[in-house]
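Residue-level structure breakdown
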Amino acid sequence: MAPTLEGPARPLTELTEEESMFRSTVREIARREVAPHVRAMDEAGVFRPEILRAFFENGLMAIEVPEAYGGQGGSFFQSVLAVEELAAVDPSASVILDVQNTLVNNALLRWGSDEQKRQYLPKLASDTVGAYALSEAGSGSDAFALETKAASDGDGWVLNGRKMWITNAAEAGLYLVFANANPAAGYKGITCFLVERGFRGLKVGKKEEKLGIRASSTCELILDDCRVPAGNVLGEVGKGYKVAIETLNEGRIGIGGQMLGLAEGALGHASGYAKQRKQFGKPIAEFQGVQFEIAQMAVEVEAARLMVYNAARLRDAGKPFVAEAAMAKYYASTIAEQCASRAVEVLGGVGFTRDYPVEKLYRDAKIGRIYEGTSNMQRTVIARHILEKRS
Ligand SMILES: Cc1cc2nc3c(=O)[nH]c(=O)nc-3n(C[C@H](O)[C@H](O)[C@H](O)COP(=O)(O)OP(=O)(O)OC[C@H]3O[C@@H](n4cnc5c(N)ncnc54)[C@H](O)[C@@H]3O)c2cc1C
């Protein structure tokens, strides 16, 4: 139920009954389907298809998609809750669902024609993984310097170029590909295309060997005279830059949720271990030095949760949220790294081994400050908003 303007404002972290039930469902899936396989998937660098199937069967790959298209008809906030819950167990599992919900489905819902929604949303809700292909070797933070070209050939488009770092690329059946249809117009030539895996000329290239989130695939995408029907332009020709900016503005709240969940996971492992590990004849949780570490983590997690939930709820309420989203992602990714590091130390020697999960969370945390806009780029967005407001 949406909060009303009458009566006291609802506390940000208080969930509605529906949100609370949804979170319990995701928590259970994380515990039952994901947790037993986290270490093996990390070591193999592969995500289990059975888990993907469980995500689809439980509606987690189409949380905000209306029921008419086979989705759950939920909120953006619920997508962020799902990302958070999964990240506490496995940040790799959470990013797969994050890209699907906060970038791919989100862009289709916002920019897709009725025909495109009818064609693709039921697939994305039932069995098709989506990927979001913006970055290239030469265009990361400067995303609009992309060099992939789209040339009109009468009844469609021909795409040529190479995308890099594409999350979900190995599993995906649908790619949102950004290419420039009019390089002379600069970023105003950038156009977003819906490219199916089976389209001639599309190839999934090299898979990256990564420090963290190793079970999430990150691959190159090669477009070699890739033919795309005219009806597969998402939004307008030359307006792809808007699709990119606006979906990433929202997507970064999801990454904030991922980093929040990771930090919560680290806190949970640290406090659980501190209560059972004995040194000097008592649990280490009884030493003030350890308590202070736990307290510091808890404060940081709470602050990140307030920022992430506020940004997500602002977005659902149709209120401005861009600076809040950048702050949430920036802060949550900063504290995720710190909390994971503290957790490794609270666990001592075993924290440094693969037998305990905090070593992986420490590695996984690093990506939060890099993808969907580096920490510097978030600070650029935040500073621009603050300086504009005060001018
Ligand atoms: C695991 C992983 C998954 C990814 N998934 C996707 C995906 O699904 N789709 C996709 O399109 N992309 C994806 N990316 C790409 C990601 O978004 C980019 O890596 C990121 O935007 C940074 O770009 P870059 O790597 O080119 O770094 P660069 O832009 O080269 O930045 C290098 C450093 O310079 C700093 N810097 C650059 N410009 C400025 C500036 N103006 N002011 C201050 N500092 C600056 C940056 O903050 C950074 O510290 C993924 C990347 C990784 C590693």
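Counting starts from 1 at the beginning of each chain's written sequence and moves along it residue by residue. In keeping with the model being predicted, local features are shown solely for residues with a pLDDT of at least 70 and side-chain atom pairs are shown and tallied solely at 80 or more, while totals for entire chains, interfaces and linings include all residues. Computation of side-chain values: all heavy atoms of the structure, hydrogens and water removed.

Quick notes on helix α4 (residues 76-89)
Rules: Strands are runs of DSSP state E lasting at least two residues, helices are runs of H or I lasting at least four, and both sets are numbered from the N terminus onward. A helix's residues, less one, multiplied by 1.5 Å, set its expected span. For every residue, the accessible area (1.4 Å probe, protein chains only) is compared with the maximum for its type, and the residue is labelled buried under 20%, exposed over 50%, or partly exposed between those bounds. Here, two residues are considered to be in contact whenever any of their heavy atoms come within 4.5 Å of each other.
Here α4 spans 21 Å end to end across 14 residues, near enough to the 20 Å set by a 1.5 Å rise per residue. In terms of residue burial, α4 counts as a mostly covered element, since 12 of its 14 residues are buried. All of the buried residues along α4 are F76, F77, Q78, S79, V80, L81, A82, V83, E84, E85, L86 and A87. Packed against the buried residues of α4 are α1 (17-34), α3 (49-57), α5 (91-111), α7 (240-276), α8 (288-316) and α10 (358-365).

Describing the side chain of T148
By the secondary structure assignment, T148 is in the loop between β1 (130-133) and β2 (149-152). Residues contacting T148, with those up to four places away along its chain left out, are E136, N160, G161, R162, K163, F178, A179, N180 and L223.

What to know about the nonpolar core
Here is the rule: Take the buried residues of types Ala, Val, Leu, Ile, Met, Phe, Trp, Tyr and Cys, join any two whose side-chain atoms come within 4.5 Å, and each joined set is a nonpolar core.
If you look at the biggest cluster of nonpolar residues, it comprises 117 residues, and the most contacted ones within it are F55, L159 and V195. In terms of residue count, the dominant contributor to this core is α7 (14 residues). In this structure F55 touches I29, V34, F47, L60, M61, L86, A93 and L97, once residues within four positions along its chain are discounted.

Looking at the site of the ligand
Rules: It suffices for a single heavy atom of a residue to lie within 4 Å of a molecule or strand for the residue to be listed as near it. Whenever two N or O atoms come within 3.5 Å, that pair is a polar contact, provided that in protein one can donate a hydrogen and the other can accept it, and provided that, for residues adjacent in sequence, both atoms are side-chain atoms. Using the Shrake-Rupley algorithm and a 1.4 Å probe, accessible areas are obtained, with residue cover drawn only from the displayed protein chains. Cavities and pockets are found on a 1 Å grid laid over the protein atoms alone: a cavity is a set of points where a 1.4 Å probe fits but cannot escape, a pocket is an open set with protein on both sides within 12 Å along at least five of seven lines, and a lining residue has an atom within 4 Å of such a point. Think of it this way: a molecule belongs to a cavity or pocket when more than half its atoms come within 2 Å of the grid points there. In the scheme used here, Gly and all other residues not listed as nonpolar or charged are polar, with Ala, Val, Leu, Ile, Met, Phe, Trp, Tyr, Cys and Pro taken as nonpolar and Asp, Glu, Lys and Arg as charged.
What surrounds the ligand is a group of 17 residues, the closest being Y132, S135, S141, W165 and T374. In the model, a nitrogen atom of the ligand is placed 2.7 Å from a nitrogen or oxygen of the Y132 main chain. A distance of 2.7 Å separates a nitrogen atom of the ligand from a polar side-chain atom of T167. Burial of the ligand by the surrounding chains reaches 64%, relative to a free accessible area of 970 Å². Here the ligand is seated within the largest pocket. Elements supplying a minimum of two residues to the shell around the ligand: β3 (156-167) and α11 (375-389). A class-by-class count of the residues in the shell around the ligand yields 8 nonpolar, 7 polar and 2 charged.

Description of the layout of surface pockets
As a reminder of what qualifies: Grid points are joined across faces, edges and corners, and a volume is the space filled by probe spheres set on the points.
Counted as a void, the largest pocket has a volume near 1200 Å³. Around the largest pocket, the lining comprises 43 residues; the ones closest to its centre are G140, I370, Y371, E372 and G373. Those elements that place two or more of their residues in the lining of the largest pocket are α5, β3, α7, α10 and α11. When its residues are assigned to classes, the lining of the largest pocket shows 22 nonpolar, 11 polar and 10 charged.

Some details on the pattern of salt bridges
Definition in use: By definition, a salt bridge exists where a carboxyl oxygen of Asp or Glu is found within 4 Å of a side-chain nitrogen of Lys or Arg.
As enumerated under the stated definition, the model contains 31 salt bridges in all. The closest approach of N and O atoms between R31 and E28, which form a salt bridge, is 2.9 Å. Of this pair, R31 and E28 both sit in helix α1, separated by 3 residues, roughly a single helical turn. Accessibility expressed as a relative area gives 53% for R31, which makes it exposed. The class for E28 is partly exposed, based on a relative accessible area of 29%. Across the salt bridge formed by E293 and R342, the nearest N and O atoms sit 3.2 Å from each other. In this pair, E293 is assigned in helix α8 and R342 in helix α9 (residues 322-346), connecting sequence segments 49 residues apart. Owing to a relative accessible area of 24%, E293 belongs among the partly exposed residues under this scheme. Within this structure, E28, R31, R32 and E33 form a network of salt bridges that share partners.

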